[in-house]
Structures are given as structure tokens and as C-alpha cells.
Amino acid sequence: MTYQNSLEFAKQLDRDDPISYLRKEFHIPTDKEGNEWLYFTGNSLGLQPKITKKYIKQELDDWAKFGVEGHFEAKNPWISYHEFLTDTMAKIVGAKPIEVVVMNTLTTNLHLLMVSFYQPTKTKYKIVIESDAFPSDRYAVQSQLAFHGFDPDQALIEWKPRQGEVLLQLEDLEAILDAQGDEIALLLIGGVNYYTGQYLDIKKIADLGHAKDCIVGIDLAHGAGNIQPNLHDSSVDFAAWCTYKYLNSGPGSLSGLFVHEKHAYRKDLPRFAGWWNHNKETRFNMRQPFDVMSGAEGWQLSNPPILSMAAIRASLDMFEKVGMDVLLEKSKKLTGFFEYLVNQIASDSIKIITPSNPNERGCQLSVQVANADKNLHKKLTENNIITDWREPDVIRCAPVPMYTSFEDVYRMVNVLESLL
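Residues numbered from 1 in each chain as written. Predicted model: local features only at pLDDT ≥ 70, side-chain atom pairs only at ≥ 80, totals over all residues. Heavy atoms only, no water.

Undergrad: When you look at the overall build of the protein in this model, what are you seeing that I'm missing?
TA: Scanning the protein from N- to C-terminus turns up 14 helices and 13 strands. Projected onto the principal axes, the alpha-carbon positions of the protein cover approximately 70 × 60 × 35 Å. Burial status across the protein gives 55% buried among its 420 residues. (Helix = DSSP H or I, 4+ residues; strand = E, 2+ residues; numbered from the N terminus. Buried < 20%, exposed > 50% of the residue type's maximum accessible area, 1.4 Å probe, protein only.)

Structural data, given as C-alpha cells:
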């Protein structure tokens, strides 16, 4: 698409946008005078859909009306509430319903998955992560290694960018596996890197790992609702993601979990057990021996927090109404317009470190500012623009297609240029 650097062009793009109406279905933060902020941090916390309050109120009303009987008598019975989320969540990540469940929070789910899928031996025990993985992934992996009696300094392998570069190259991961594959038990890779916004080829990573008999897991915290990872077709063994970023479910909300269908009926996999991954048909016969459920539900432990799930359901119903294909089409245009405008700024002090290939990124652009401190980010905030600063010199910006307009993008870059 050919872009133009003008406010009128941005407004025309909004007029032509078939899903521009979605913006009005979200609460946009405002300043003390009631002016809307330009919100570019959906990669940290998505905005609240206006229907969320209605969905939560329904469960509060049923709690008040039915008490404990709400598990069966509520309009949306709580006993099976998590099942209301499964089909749409599966579509969002490109999975089969049996492969997906919503439960717990992200790092908790990664630990539960590693209980099953990180089974080290004396000779095959190492774990590969990307060198700039999100800290919680690093901490989780280090603690798993230590728990199994290995020294994280020796057993943790980092997939690093090349000297002088910021993006990862698949050839370098392949070289790591060629050299140490016999010692590597697990790859745990962020599907979209939180810092650079690079969207990695998940299927290729799975193919490389499986060729060396390694388990492959993916952290989709910055991918779910932002890209289409096609988890089933990729054949990764497992994945997990949070729902409060692009999936707009509210601060600290629950996580999604994926276990590939090839593991769905494996009762031999070690796992922690609880009431909620026991066979639902006999769950309430309290004296039955543990009988693990098939599929991703077999990793549940406890009954679900309904109020949090109600907020997730509100957002997922919006995704179901619009469809990921439509959202991704707009996302590429919106992010492309953002990239074009930033590249029009006549300054040598900034550059975009996110891949320019639309197929290698989602809607996040990471803008690197030469010789920067946090002052530029603070000045943007003073101008009612919410972005995300990451040390040492990157401003992360996410024009989310559900609620960011092309005019938002134009105005944001215009302010950025004036500050530079």
C-alpha cells in the first residue's frame, strides 16, 4: 500500500476501515480535562471493552441470586464456564478445541507444562531460550533447572543475535542444535519477542527442535491476539500466553494454555493433579481414584475464577464477531502506516528495530532512540501519549487494530517528531 504523510490521508484510512466502529466499544483513558489519551500500550495491558461490565455483572447477579447453586443454575453455569472460552480461544491461536484451556496465569502454566515436558536425563538436560527472553521465562527456566539438580549457568543455552544486530537468525538456532542437540531437552522460545517485536517462525523452530528429539514450547504472551501462530499446524508441543495484553481481559487475568493433540491422550505424562483435571463425569464422586482428563483440560488443577473468566469472555466474543483474519489485515495496514511515518522523521537519533517484513512482526514497533534516557518517554506521556519504555533505549509502541485509529498513529508520530 502507498501511504501519505498527512492528517487527511489518515482520516481517509479511518473512513475506509470496515472495523473502525470497534474503537467506540472500548473505554479510552482520558486526562483530567477529559481529553482522550493516545494509547499505544496494548502490548502491556489492553483497554477495557465496554461490554465487560455487563458480563461480570451477570455473574455477580447470579451469585447474589443463586449462591452456590450458581454452579448449575446460573445463566452461564459456573461448573463448565471455562468451556465457553475454548472454541474462540482455539481459533485465535490456530488450535483445535481439545488443545486449549484457559486457567491460572502465564508463568504458573509454564511451570505446570515443564513438569510434564521437561524430563531431563543425565546427558540430555539443557534448555534453550532466546537471550533477551522476558525475565519471567528466564527465571522459570533457571528454577526448573535448579529444581532438577542442574547448574543454570551450565545448562541454560542462550540463542543470541549476531554481533552488532538485535534480531535473531534461525540459522544460529540451527547451529546451536547441530552442536549441542544431543544435550538439549527443551526449547522454550518467545513467539514474539517482547523487546524487539520480532515474530519468529514457530513451525521452523518446532521442526529444528524435533529433528534433535527436543521438546518445543512457545511463550505467546506478546503473540496471542496479535499474530496467528497456527499452533496446531506448527506441531509445537506446548504453549502458554496471558490474556490481558491483546486479548483485553483486565490486569492480571488468566492465561491460555495449549498442548498439542499428539499428547492429548497420554496419561503417562507426569503432571500435578487437582480436582479440576480429574474426569468431569466422576468429579463429584469424591472417593474415586484420580482419572486424568484428555487434552489441555488435563492440566487444570482448580475450579476456575468466574469473574475473571467473564471479562475474558466479553473480549473473546468481540474477537469471534470480528475474526482474526480481519483484525490481522487492519493490523498490517496500521503498523505499516506507523512504520512509514516514523521513517519519514528527519532525524538520525531514532530507528525501528522491529523487522520491516510484516510477516515477521505483529502490531508492535520498537523505536530505538540513540543516546536516550527515559526523558523522551516522559515527554510523550506529558503529551497524553501512553507508550512503554524498555531499558536501555527503546520505546515500544503497539497500534492495536481493535481500538487504535490511523489518526491516532498520525498524531502520535507528529508529536514524537516535534519532541525530537
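There is more to say, and it comes next.
Undergrad: In this structure, what is going on with the pattern of salt bridges? I would like to understand it.
TA: Note on pairing: side chains with opposite charge can pair once their charged atoms come close. Throughout the structure, instances matching the rule amount to 22 salt bridges. Where arginine 23 meets glutamate 36, a salt bridge forms, and the shortest distance between an N and an O atom there is 2.9 Å. Placement of the pair is arginine 23 in the loop between helix H1 (7–16) and strand E1 (38–39) and glutamate 36 in the loop between H1 and E1, with a sequence separation of 13 residues. Accessibility expressed as a relative area gives 44% for glutamate 36, which makes it partly exposed. What emerges from the salt-bridge pattern is a single network uniting Arg23, Glu36 and Asp408. (Salt bridge = Lys/Arg side-chain N within 4 Å of Asp/Glu carboxyl O.)

Undergrad: Sorry, what's going on with helix H9 (residues 202–211) here?
TA: For an α-helix the count is 3.6 residues per turn, leaving residues at separations of three or four pointing the same way. Every buried residue belonging to H9 is among Ile202, Ile205, Ala206, Leu208 and Gly209, and all of these are buried. The arc that holds every buried residue of H9, seen down its axis, measures 165°, which confines them to one face. In this fold, the buried residues of H9 make contact with strand E4 (156–159), helix H8 (170–180), strand E5 (184–190), strand E6 (215–219) and helix H10 (231–234). If you check the start of H9, you find a side-chain oxygen 3.4 Å away from the backbone N of lysine 203, and it comes from aspartate 201. Among the residues trailing H9, aspartate 213 stands out with phi positive, at a value near 60°. (Arc of directions from axis to C-beta. Contact = heavy atoms within 4.5 Å. Polar contact = N/O pair within 3.5 Å; in protein donor to acceptor, adjacent residues only side chain to side chain.)

Undergrad: Just checking my understanding: could you explain the side chain of histidine 263 for this structure?
TA: By the element assignment, histidine 263 lies in the loop between strand E8 (255–259) and helix H11 (306–322). Exposure remark for histidine 263: the relative accessible area of 6% places this residue in the buried category. Look past the residues within four positions of histidine 263 in its chain and what remains in contact with it is Phe117, Asp237, Leu269 and Trp299.

Undergrad: Looking at this structure, how should I read the state of the cysteines?
TA: Each disulfide consists of a covalent bond between the sulfur atoms of two cysteine residues. In this structure the tally under the stated criterion is zero disulfides. Take cysteine 397: it sits in no disulfide, and the sulfur closest to it among the cysteines is that of cysteine 363, at 11 Å. Since its relative accessible area comes to 1%, cysteine 397 is described here as buried. (Disulfide = S-S within 2.5 Å.)

Undergrad: Sorry if this is basic, but what is going on with the nonpolar core here?
TA: Buried together is how nonpolar side chains tend to be arranged in soluble globular proteins. In terms of nonpolar packing, the biggest core is built from 66 residues, with Val128, Trp159, Leu187, Trp241 and Met402 touching the most fellow members. The element contributing the most residues to this core is H11, with nine residues. Sequence-distant contacts of methionine 402, defined by excluding residues within four places in its chain, comprise Leu22, Arg23, Phe26, Asn248, Met318, Phe319 and Leu327. Core analysis: the second largest hydrophobic core is formed by 31 residues, Leu145, Phe150, Phe238 and Leu257 among them. (Core = buried A, V, L, I, M, F, W, Y, C linked by side-chain atoms within 4.5 Å.)

Undergrad: Can you walk me through a nonpolar patch on the surface in this structure?
TA: Together, Phe72, Trp275, Phe284 and Met286 make up a nonpolar patch on the protein surface, roughly 440 Å² of accessible area in all. The residue phenylalanine 72 is located in helix H3 (residues 70–73) in this model. (Patch = residues over 30% accessible without salt bridge, like charges linked within 9 Å, V, L, I, M, F, W, Y side chains within 5 Å. Areas by Shrake-Rupley, 256 points an atom, 1.4 Å probe, with all protein chains shown as cover.)

Undergrad: Would you take a moment to explain the sheet that holds E8 for this structure?
TA: Two pairing modes exist for strands in a sheet, parallel and antiparallel, and in both the strands are linked by backbone hydrogen bonds. The seven strands are arranged E2-E8-E7-E6-E5-E3-E4 in an open sheet whose pairing can be described as mixed. Pairing within the sheet leaves two strands with one partner each, and these edge strands are strand E2 (100–103) and E4. On average, each strand axis in the sheet is tilted by 20° relative to the strand beside it, whichever way the strands run. Two elements, strand E3 (residues 126–130) and E5, share three bridges in a ladder whose sense is parallel. Note on E5: the bridge partner recorded for isoleucine 127 is leucine 186. Along the sheet, H9 contacts E4, E5 and E6; its crossing angle with E6, the most-contacted strand, is approximately 155°. (Pairing = 2+ DSSP bridges. Axes fitted to C-alpha atoms, helices over the stretch in contact; angles between N-to-C directions.)

Undergrad: Would you explain the sheet that holds strand E9 (residues 350–352) in this entry?
TA: If you trace the four strands from one edge of the open sheet to the other, you get E9-E10-E13-E12, paired in antiparallel fashion. Only two strands of the sheet have a single neighbouring strand rather than two, namely E9 and strand E12 (388–390). Averaged over all pairs of adjacent strands, the angle between strand axes in this sheet comes to 30°, irrespective of strand direction. On top of the sheet, helix H12 (residues 324–344) reaches E9, strand E10 (365–369) and strand E13 (394–397); it is set at about 155° to E9, its chief contact. Across the sheet, helix H13 (residues 375–382) touches E10, E12 and E13, and the angle it forms with E13 is around 35°.

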